[in-house]
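Architecture and fold: a report
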Amino acid sequence: MKVLVCIKRVPDTGGGFRLTADNKRVDTTNLGFAISPHEECAVEEAIRIIEKHGGSSTVLTLGPMAAQEQLREALAKGINSAILLEADDYESWDARAVAHAIAETVKPMGFDLLLFGNESADVCNYQVGLRVAHLLDVPCVSGIKALEIQNGKAIAKRESSEGWEVYEVSLPAVFTVKEGINVPRHPSLRGIMAAKKIPIEQKKPIRQNLQMARKLLKKPQEGRQLEILGQGVEAVGKVAAKLRELGAI
Amino acid sequence: MIFVLVETANQKLTESSWETLTAARDLAQKLSDTTEALLIGSSVRALAPTLKGLRSVSVVEDPRLAGYIPEAFAKIAAEAIQKKRPTVVLAPGTEMGNDWLARVAARLDLSLATGCTEFFIENGALKGVTRTNWGGSLLEETEILSTPKLLTLQPHAVAAQPLAGAEPSVEALAVTLEDRDFRVRLKELVRKEKTGISLTEAKVVVGGGRGLGSAEAFKMLEELASLLNNAAVGATRVATSNNWRPHSDQIGQTGTQIAPDLYIAVGVSGAIQHMVGCKNSKKILAINKDPDAPIFQRADYGVIGDLHQIVPALIAEIKRLKGA
Ligand SMILES: Cc1cc2nc3c(=O)[nH]c(=O)nc-3n(C[C@H](O)[C@H](O)[C@H](O)COP(=O)(O)OP(=O)(O)OC[C@H]3O[C@@H](n4cnc5c(N)ncnc54)[C@H](O)[C@@H]3O)c2cc1C
Ligand SMILES: Nc1ncnc2c1ncn2[C@@H]1O[C@H](COP(=O)(O)O)[C@@H](O)[C@H]1O
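Criteria and thresholds
Residues numbered from 1 in each chain as written. Chains lettered and ligands numbered in written order. Predicted model: local features only at pLDDT ≥ 70, side-chain atom pairs only at ≥ 80, totals over all residues. Heavy atoms only, no water. Helix = DSSP H or I, 4+ residues; strand = E, 2+ residues; numbered from the N terminus. Buried < 20%, exposed > 50% of the residue type's maximum accessible area, 1.4 Å probe, protein only. Contact = heavy atoms within 4.5 Å. Areas by Shrake-Rupley, 256 points an atom, 1.4 Å probe, with all protein chains shown as cover. Near = heavy atom within 4 Å. Polar contact = N/O pair within 3.5 Å; in protein donor to acceptor, adjacent residues only side chain to side chain. Nonpolar A, V, L, I, M, F, W, Y, C, P; charged D, E, K, R; others polar. Axes fitted to C-alpha atoms, helices over the stretch in contact; angles between N-to-C directions. Parallel < 35°, antiparallel > 145°, perpendicular 65-115°, else oblique. Left-handed = near helix turned anticlockwise from the far one by under 90°. Domains from an automatic or database assignment. Buried area = accessible area lost by both parts, 1.4 Å probe. Salt bridge = Lys/Arg side-chain N within 4 Å of Asp/Glu carboxyl O. Patch = residues over 30% accessible without salt bridge, like charges linked within 9 Å, V, L, I, M, F, W, Y side chains within 5 Å. Core = buried A, V, L, I, M, F, W, Y, C linked by side-chain atoms within 4.5 Å. Pairing = 2+ DSSP bridges.

A few words on the overall build of chain A. Summing up its helical and strand segments, chain A has 6 helices and 13 strands in all. In chain A, buried positions account for 55% of the 249 residues. Of the contacts made within chain A by residues no fewer than 6 positions apart, 71% connect residues no fewer than 24 positions apart. When the accessible surface of chain A is totalled, it reaches about 10,900 Å², and 49% of it is carbon and sulfur.

In structure tokens form, the structure reads like this:
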């Protein structure tokens, strides 16, 4: 079994966004970087499947050299090999271009299972995995929260308001994963040390002509006025009164 | 022409479809253009006349097309677009709509803007859109250079209005479907047992974060919720990734979006990825020991102090009030 998982490096923004002076990007000067929780779960799922069924797992990202940090994190958790499609301007790539570059790279590699996040954390395009599936001409189920492999088939479940939707497709196949499918492990110290020795395969991807061009980023209106009800346990009388006023009690 | 891909459930148009039809009608007025729609299903023809004011509705009816069959729906829509040559294709930005249009975009090798909230017109043509980033914490204005422009509309970005005007003409569209178009299809639906009040239905949500410190401490929030009207307990990602709560309790960008009358955030810092899941709450009350926590910039009411003292005292106070 050969499993691929695709991740994207994004700023870890925490308490709020600062934008660059031209309002085109998130100012990342003082920020760390992460991957989306969906993708962390995709990484975890890839590791579990290989642990159970044998084979090898590969993590891929299209991004800057610094995205090796995210690849190493996946390797430290137990992914076997890593590919960096190096593109410093990756933030301006549209989903179509990303999908073409990924599909071109992975097509000759013969993966049985390709895992993506349901949507990337920053641009939330909801499409790279589905596009790669089309380019490889394999089936895809998006937004899954359970996956099992049995005799060359994959059984995937999506959660809807009505219950669990069960899909069965034959491999090779693409799945886009949602957080909740598993609880990802933390890398062990041994894993972190071992990951440092794994070479990362680097390639320059070909970028198709872009069809989308970002003009600016803006923050939606947030309009709340804070009223401090008090400090410590002395505040509970006022809190209870407020709960009553709001109809909660 | 603006072409709307319509989503149905239980022989009815979904709310998001009506929102999308409303947005399409408004856009068509601004562009002095016409609107058409595509309806796919096992028995959907009867819905076509309800799409008033549209020029025409293309219908594909087939007993095999009950429910959403991703690849068959994508093939039909792609063929309809090639035949009808619209300038704009709009679908609801729901799970189904985003999945559907992504597959259509892949087939036609066109770009797709998901989660749109606004449209930009220049020289009588659609030039670009505003769309959601970071689950709605940021908005992006982007130009779309390809035609037709494929878009999905962010749910609730536009309020659905009743459509007025003449009934549309109805055209049956012939598309040949093969076995391979059905390789992804629902095999089974396992219905969920309903237990308690769900996060999305609750009038009050009590959410706990890292400040709780343990699964045990969440019992306190359960008790508080049990004393409040129609209340449920939610959590931050720190709480779910520590296994203090199941992921289904997570509020935020990669969890559930809630819109209760009141959200009580306990030991929650107010990270944007969490707040984007509760920003539609009518009121937000925060209990946090750090007066500089970002949550206090995004709340209506604040209590500063140690939750491990405040919550038990609040429970006692509510019990006292209820007893009286
Ligand atoms: C792409 C992406 C998606 C994400 N999606 C989500 C999501 O869906 N939902 C989500 O919740 N997070 C999400 N996150 C994570 C998010 O950025 C934050 O890390 C997380 O919300 C923080 O959780 P927290 O508030 O519990 O913890 P912290 O940020 O650590 O805050 C704990 C707070 O508790 C207070 N506190 C501690 N002890 C006490 C005490 N005794 N009494 C009172 N107050 C106390 C502290 O002052 C602090 O403010 C996402 C992150 C990324 C990058
Ligand atoms: N630059 C990238 N490099 C690798 N994978 C990516 C990249 N961008 C998106 N993906 C993958 O595609 C998924 C969906 O992304 P999107 O269509 O942008 O929402 C993400 O969760 C990732 O798994």
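Residue and element names in this part refer to chain A. As a matter of local geometry, ligand 2 sits amid 19 residues, with Cys6, Ile7, Glu39, Leu62 and Ser120 nearest to it. Backbone polar atom of leucine 62 to a nitrogen atom of ligand 2: 2.8 Å apart, as the coordinates give it. One of the backbone N or O atoms of asparagine 125 is found 2.9 Å from an oxygen atom in ligand 2. Calculation on ligand 2 without its partners gives an accessible area of 480 Å², and the protein chains cover 98% of this total. Counting residues per element, the shell around ligand 2 draws most heavily on strand E4 (residues 56–63), at 3 residues. Of the residues contributing to the shell around ligand 2, the split by class is 11 nonpolar, 5 polar and 3 charged.

This next bit is on the packing of helix H2 (residues 68–77) of chain A against helix H5 (residues 189–196) of chain A. Residues and elements named next belong to chain A. Running from amino to carboxyl end, H2 crosses H5 at an angle of 125°, the nearest separation of the two axes being 7 Å. Judged on the interaxial angle alone, H5 and H2 are oblique. In terms of crossing hand, the pair formed by H2 and H5 is right-handed. Across the interface between the two elements, Arg72, Leu75 and Ala76 of H2 pack against Gly191, Ile192, Ala195 and Lys196 of H5. Taken together, the residues of the contact of H2 with H5 sort by class into 4 nonpolar, 1 polar and 2 charged.

To continue, consider the site of ligand 1. Within the structure, ligand 1 sits among 29 residues, and B:Arg210, B:Thr236, B:Ile251, B:Ser269 and B:Gln273 are positioned closest to it. Two or more chains meet at ligand 1, and those chains are chains A and B. One nitrogen or oxygen atom from the side chain of B:Asn288 is found 2.8 Å from an oxygen atom belonging to ligand 1. Relative to its free-state accessible area of 980 Å², ligand 1 is covered by the protein chains to the extent of 86%. Residues belonging to the shell around ligand 1 are distributed by class as follows: 8 nonpolar, 15 polar and 6 charged.

Moving on: the domain arrangement of chain B. Residue and element names in this part refer to chain B. According to the domain assignment, chain B contains domain 1 (2–182) and domain 2 (204–323). Relative to domain 2, the C-alpha centre of domain 1 lies at a distance of 38 Å. The partner domain 2 presents 5 residues to the 4 residues of domain 1 that form the contact. Interface area for domain 1 against domain 2, summed over the two sides, is near 350 Å², with a carbon-plus-sulfur share of 48%. The largest contributions to the domain 1 side of the interface with domain 2 come from Trp134, Gly135 and Ser137, which together make up 87% of the buried area. Applying the counting rule to domain 1 against domain 2 returns 0 salt bridges.

What follows is about a nonpolar patch on the surface. Residue and element names in this part refer to chain A. A grouping of Leu189, Ile192 and Met193 is seen on the molecular surface, where their side chains present a nonpolar patch of about 300 Å² in accessible area. Relative to the helices and strands, methionine 193 is located in helix H5. Note on methionine 193: relative accessible area 45%, which makes it partly exposed.

Turning to the environment of B:Thr176, a few remarks are in order. With respect to the helices and strands, the residue B:Thr176 is situated in the loop between strand E11 (169–172) and strand E12 (186–191). Residues B:Thr176 and B:Ile76 lie 100 residues apart in sequence; the distance between their C-alpha atoms is 8.6 Å.

Within the largest apolar cluster, 59 residues are counted, with the highest numbers of intra-cluster contacts made by A:Ile102, B:Leu5, B:Leu38, B:Leu65, B:Ile76, B:Trp100 and B:Val104. Residue contributions to this core peak at 8 residues, all from helix H2 (residues 70–84) of chain B. Not counting residues up to four positions away in its chain, the partners in contact with A:Ile102 are A:Cys6, A:Leu60, A:Leu85, A:Phe116, A:Val128 and A:Val132.

For the bond from A:Leu171 to A:Pro172, the omega torsion is 0°, close enough to zero to count as cis. Mapping A:Pro172 onto the fold places it in the loop between strand E9 (163–170) and strand E10 (173–177). Backbone torsion omega between B:Thr147 and B:Pro148 reads -5°, so that peptide bond is classified as cis. With respect to the element layout, B:Pro148 can be found in the loop between strand E9 (138–144) and strand E10 (149–153).

Turning our attention to the sheet that holds strand E17 (residues 301–304) of chain B. Strand order in this open sheet of 6 strands is E13(A)-E17(B)-E16(B)-E15(B)-E13(B)-E14(B), and the pairing throughout is parallel. Strands with a single pairing partner mark the edges of an open sheet, and in this sheet they are strand E13 (227–231) of chain A together with strand E14 (231–235) of chain B. Neighbour-to-neighbour, the strand axes of the sheet open up by a mean angle of 20°, direction not taken into account. Sheet analysis places strand E13 (residues 204–208) of chain B next to strand E15 (residues 262–266) of chain B, joined by 5 bridges and oriented parallel. Within the sheet, the bridge partner assigned to B:Gly208 lies in E15(B) and is B:Val266. Across the sheet, helix H6 (residues 236–245) of chain A touches E13 of chain A together with E15, strand E16 (283–288) and E17 of chain B, and the angle it forms with E13(A) is around 140°.

On to the sheet that holds strand E5 (residues 81–86) of chain A. In sheet architecture, strand pairing relies on hydrogen bonds along the backbone and comes in two forms, parallel and antiparallel. One open sheet accounts for 10 strands, arranged E11(A)-E5(A)-E4(A)-E1(A)-E6(A)-E10(A)-E7(A)-E8(A)-E9(A)-E12(B); its pairing is mixed. Edge positions in the open sheet fall to strand E11 (200–203) of chain A together with E12 of chain B, since each of these has one partner strand only. If you compare each strand with its neighbour and ignore which way they point, the axes differ by 30° on average. Pairing geometry for strand E7 (residues 140–150) of chain A and E10(A), over 3 bridges, is parallel. By the bridge assignment for E10(A), A:Val141 is matched with A:Phe175. Helix-sheet contacts for helix H3 (residues 95–106) of chain A involve strand E1 (2–6), E4, E5, strand E6 (113–117) and E11 of chain A, and the interaxial angle to E4(A) is about 145°.

Another point: the pattern of salt bridges. All names here are of chain B. Following the criterion strictly, the structure yields 48 salt bridges over all chains and no others. Here lysine 84 makes a salt bridge to glutamate 171, at a shortest N to O gap of 3.1 Å. With lysine 84 in helix H2 and glutamate 171 in strand E11, this residue pair connects regions lying 87 residues apart in the sequence. Owing to a relative accessible area of 26%, glutamate 171 belongs among the partly exposed residues under this scheme. Note that arginine 320 and glutamate 317 form a salt bridge whose closest N and O atoms lie 3.0 Å from each other.

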